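Breakdown of the fold
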Amino acid sequence: MELSERKIDIELGLKRMILIEIIFPMVLLILGIYHGLMQVLYRAGMIRNSQFLGLGYFQGLTLHGVVNAIVFTTFFAVAFGYAIIRYYLGRPLNMKVAWLSFGLMIVGTLLAALAILSGKATVLYTFYPPLRAHPAFYIGVVLLVLGSWVAFFNWLPPYFAWKREYPGEKVPLAVVGIFATFIVWLIATTPAAIEIIFLLIPWSMGWVATVNVPLARMLFWFFGHPLVYFWLLPAYVMYYTMLPKLSGGKLYSDFAGRLTFLWLVLYSAPVGIHHQFTEPGISSTWKFVHAFFTMLVAIPSFVTAFTLAASMEYGARERGGRGLMGWWTKLPYIDKDRWLFSYLFAGLVIFVFGGVTGVINASYNLDNVVHNTSWLPAHFHQTIAGPVFLAYIGMSLFLVAKLTGKEIKFKALNVWMPYIWTLGIMIFSTGLFIGGAAGEPRRTNMGMSYADPQSHLYHADWGYAKMLGSIGGTIMAIAALMFFVVFFATLFGKRNKPGALELIVSEPYYNERVPVVQTFTPWLVGAALLLVIAYAAPITQTIRSNFPGAPPYSPDNPAPLHLMQNK
Ligand code: HAS
């Protein structure tokens, strides 16, 4: 069965740009994943040093977070966005604007990477004060974000041209999804831009002596939570528009897809304080309000779970599946021709656990037990390193193979990789969940403290959890290596047909026409209102708070200088 209805010969410039936007961050990802492996080795006590091969523990952790969670995701979302817009709207894009966006993103990434590699931006991916980076890091982040905004603005003319040509018709679901992604991104990155431009750059340049820490942290999390839905939405585009067809059937409900995308526009941002439940300077009323909104932002993912299960059931029954549960056996789990199914399905299985633990975190009182413990990385590896990572790398491989006209290499390795990754991530996260619930901290060089029998901090009772974490992390690294072998062998393999843009398109089973999900306007107005309700008072509280500003510190030691001098 042919999965793709049509192939489009796209402009050479656009094709090249999409390919570079996939390949460049993929090369950086090798570095990012290597530092993931280093993390589990430090944490298990196998490395008992502050650095390994010349890169410090926190420097490696910064690279791991920035490359994997910020750079790779932003480049992929832009490249995928170009593919979706060009494919579904059928209009060429303004290539001058596209190259401008590309240039900004590349220069920004290189600046930030150089700052981190030279040890001048060891601030982790959250970069909140008092950790301070070289201005090049902040400027690099701003340029990367600006470049991605330019890409989005470049998609508006073909969108409005399409609307004029097809008045009253439904905008293709994938386009709604990618627009929702970048609207969420605009909402998210605006407070981050304010934080970086008005607080962090002047402080990093030495123009001001200190910075308002509670305000900077609040602006960061104003960015930080919609950020996670910016990561999730492109994966949801693949889940709604490709997984049903890959399963052999149709999307159960087109309405459910539109509702999910628009609901995330509405609720992804007014929830950021759930990252700050334990922080002073914010009243418990606003913490509760954000906890309440967080429960609402989980609803579209429940809708997604049921819609995708129904779509897969329909596909499996079309393929001869029978019985209440028997149809599960008819899905193409290891079908080498529908290999993308394995990436998407494995991600869904992981997300069941990432979702449940998210709801646990969001429960105001339960969060007090797990906050800042290793439970947190367990949760977010089951989300961003689960459905998001697998969908992104799967689609990267898919687009590279189609655009270059090359055959996928090492097909068996390719179809099994997502399951090995799943095995690794489940073992890794189980270890981190168990350790976290018992108090094991996150972001800690345990090799020099809790995992070192010579240290007075040694914690023997976390040994079992650390062992699981390191076994799982090593399996994940092996799976990632398998992927890189497939990806680069395919990329450098021989072309066997002309390259073209191809996507997998699922037909809807129920093609409802519900006016409220056919326009962005009420959702945008609602999102603006909710942002004012959720943030006006807490931001005022942090501006008025009389906490001391960020103390001066040396990049070589996280302890503030005045504490060091008192020693
Ligand atoms: Fe989260 C912290 C709450 C989703 C990422 N989250 C983080 C951090 C990251 C992150 C990176 O309320 C750490 C930030 C840091 O560095 O400090 N999160 C939630 C909630 C959700 C959620 C309620 N998170 C995500 C997603 C992420 C992500 C998505 C990345 C992409 N998270 C929190 C909270 C914190 C937090 C607190 C802060 C805690 C603290 O103390 O700091 C929800 O959106 C989750 C909803 C999801 C579901 C699952 C639906 C299941 C599906 C699969 C269906 C499967 C099928 C197949 C059909 C309800 C769709 C089944 C087949 C089988 C055979 C099983």
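Below you will find a few notes about this structure. Values in this document were obtained by computation on a predicted structure and should not be read as measured data.

Bringing the overall build of the chain into the picture now. When you go through the chain residue by residue, the secondary structure sums to 17 helices and six strands. Relative to the compact-globule value of 24 Å for 567 residues, the chain shows a C-alpha radius of gyration of 23 Å, a close match. Projecting the C-alpha coordinates of the chain onto the three principal axes gives extents of approximately 70 × 45 × 45 Å. Within the chain, buried positions represent 61% of all 567 residues. For the chain, the proportion of contacts with a sequence separation of at least 24, taken over those separated by at least 6, is 83%. Side-chain charges of the chain comprise 38 positive and 23 negative groups, with the mean position of each set lying 3 Å from the other.

On to the site of the ligand. Around the ligand sit 30 residues in total, of which Y229, D367, H371, H379 and R442 are the nearest. Contact between the ligand and A362: an oxygen atom at 3.1 Å from a main-chain N or O atom of the residue. D367 is positioned such that a nitrogen or oxygen atom in its side chain is 2.5 Å from an oxygen atom of the ligand. Breaking the shell around the ligand down by element, the ones donating at least two residues are helix 6 (213-241), helix 9 (284-318), helix 10 (340-362), helix 12 (375-381) and helix 13 (384-404).

Attention now moves to the packing of aromatic side chains. Tallied over the entire structure, the rule returns 57 aromatic pairs. Their ring planes at 90° and their centres at 5.7 Å tell us that Y128 and F220 sit as a pair that is edge-to-face. Of the two residues, Y128 is situated in the loop between helix 3 (95-117) and helix 4 (135-165) and F220 in helix 6; the sequence distance between them amounts to 92 residues. Summarising the burial analysis for this pair, Y128 and F220 share the class buried.

Moving on to the coordination of the iron atom of the ligand. Among protein residues, the single donor to the iron atom of the ligand is H379 (NE2), with a metal-donor distance of 2.2 Å. Summarising the element assignment, H379 is placed in helix 12.

In this section: the pattern of salt bridges. Under the criterion given, the structure shown has 11 salt bridges. The partner of E165 in a salt bridge is R91, and the shortest N-O contact between them spans 2.1 Å. With E165 in helix 4 and R91 in the loop between helix 2 (57-89) and helix 3, the pair connects residues that are 74 residues apart, well separated along the chain. Here K402 and E502 are joined by a salt bridge, their closest N and O atoms 3.7 Å apart. Residue K402 is found in helix 13, and its partner E502 is found in strand 5 (residues 501-502); the two are separated by 100 residues along the sequence. The exposure class of K402 is partly exposed, given its relative accessible area of 22%. Overall, E502 belongs to the buried group, its relative accessible area being 3%. In the salt-bridge network here, residues are joined through shared partners; they are K170, D254 and R258.

Another point: the packing of helix 1 (residues 12-43) against helix 13. Orientation of helix 1 relative to helix 13, taken along the N-to-C sense of each, is 140°, at an axis distance of 10 Å. Judged by the angle between their axes, helix 1 and helix 13 are oblique. As for the relative orientation of helix 1 and helix 13, their crossing is left-handed in sense. Here helix 1 contributes K15, I18, L19, I22, M26, L29 and I33 to the contact with helix 13, which in turn contributes F389, I393, S396, L399, V400, L403 and T404. When grouped by side-chain class, the residues that make up the contact of helix 1 with helix 13 number 11 nonpolar, two polar and one charged.

Of all hydrophobic cores here, the largest spans 194 residues; its most connected members are F80, Y82, F137, L340, I393 and W421. Among the elements that line this core, the one with the most residues is helix 2, at 22 residues. In contact with W421, not counting residues within four places along its chain, are I350, A385, F389, L390, M476, A479 and A480.

Thresholds, definitions, all that
- Residues numbered from 1 in each chain as written.
- Predicted model: local features only at pLDDT ≥ 70, side-chain atom pairs only at ≥ 80, totals over all residues.
- Heavy atoms only, no water.
- Helix = DSSP H or I, 4+ residues; strand = E, 2+ residues; numbered from the N terminus.
- Rg over C-alpha atoms; globule rule 2.2 N^0.38 Å.
- Buried < 20%, exposed > 50% of the residue type's maximum accessible area, 1.4 Å probe, protein only.
- Contact = heavy atoms within 4.5 Å.
- Lys, Arg positive; Asp, Glu negative; His and termini not counted.
- Charge placed at Lys NZ, Arg CZ, Asp CG, Glu CD.
- Near = heavy atom within 4 Å.
- Polar contact = N/O pair within 3.5 Å; in protein donor to acceptor, adjacent residues only side chain to side chain.
- Phe/Tyr/Trp six-rings, centres within 6.5 Å; stacked < 30°, edge-to-face > 60°.
- Donors = N, O, S within 2.8 Å, 3.2 Å for Na, K, Ca; no water.
- Salt bridge = Lys/Arg side-chain N within 4 Å of Asp/Glu carboxyl O.
- Axes fitted to C-alpha atoms, helices over the stretch in contact; angles between N-to-C directions.
- Parallel < 35°, antiparallel > 145°, perpendicular 65-115°, else oblique.
- Left-handed = near helix turned anticlockwise from the far one by under 90°.
- Nonpolar A, V, L, I, M, F, W, Y, C, P; charged D, E, K, R; others polar.
- Core = buried A, V, L, I, M, F, W, Y, C linked by side-chain atoms within 4.5 Å.

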